[in-house]
Amino acid sequence: MSAKLTISNQDRTSEYVAVLDGKDAALLYPLQTAEIEIEAGQHELTFREGEEAEIPGSCKPICFNIPDNKTFSMKVITNLLSIQILDAQGNLLNGRHGFLCGYVDEGVYVENPIA
């Protein structure tokens, strides 16, 4: 069973590391897209800046459950040193108030405390 995570770094100058389930999964270069093959099931995704710097603690992990043979696509955008994550349709997955829980992108279930 496998699925795919597609992440586009929309920042023009900064690179990020996608951290999947506590391990570095991909280096996201400016204006580039990375595809990560993952097992279907429950995962936790967060980001840190470059190789050394940490993104501020207000950036909460994205928890998602992805079924077999599905793709979860998102865009990473910097905004005042925090990261905004959008799904392929442009819906904001984290922001300033409340929580996001629900199905996005072909049945992928996301549960994300909003920063």
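Residues numbered from 1 in each chain as written. Predicted model: local features only at pLDDT ≥ 70, side-chain atom pairs only at ≥ 80, totals over all residues. Heavy atoms only, no water.

**Student:** Hey, could you go over the side chain of Ser 8 for me, with residue numbers and the actual values?
**Tutor:** One can find Ser 8 in strand S1 (residues 3–9). With a relative accessible area of 14%, Ser 8 lands in the buried category. Leave out the neighbours within four places in its chain, and Ser 8 touches Gln 32, Thr 33, Met 74, Lys 75 and Val 76. (Helix = DSSP H or I, 4+ residues; strand = E, 2+ residues; numbered from the N terminus. Buried < 20%, exposed > 50% of the residue type's maximum accessible area, 1.4 Å probe, protein only. Contact = heavy atoms within 4.5 Å.)

**Student:** Tell me about the pattern of salt bridges, and name the residues and values.
**Tutor:** What the rule picks out here adds up to two salt bridges. As a salt-bridge pair, Lys 4 and Glu 35 come within 3.7 Å of each other at their nearest N and O atoms. Separated by 31 residues along the polypeptide, Lys 4 in strand S1 and Glu 35 in strand S4 (residues 33–38) bring together distant segments of the chain. Assessed through its relative accessible area of 24%, Lys 4 is described here as partly exposed. The exposure class of Glu 35 is exposed, given its relative accessible area of 55%. For Arg 48, the salt bridge is made with Asp 24, and the minimal N-O distance between the two is 2.5 Å. Here Arg 48, found in strand S5 (residues 41–49), pairs with Asp 24, found in strand S3 (residues 23–28); they are 24 residues apart in sequence, far enough to count as distant. (Salt bridge = Lys/Arg side-chain N within 4 Å of Asp/Glu carboxyl O.)

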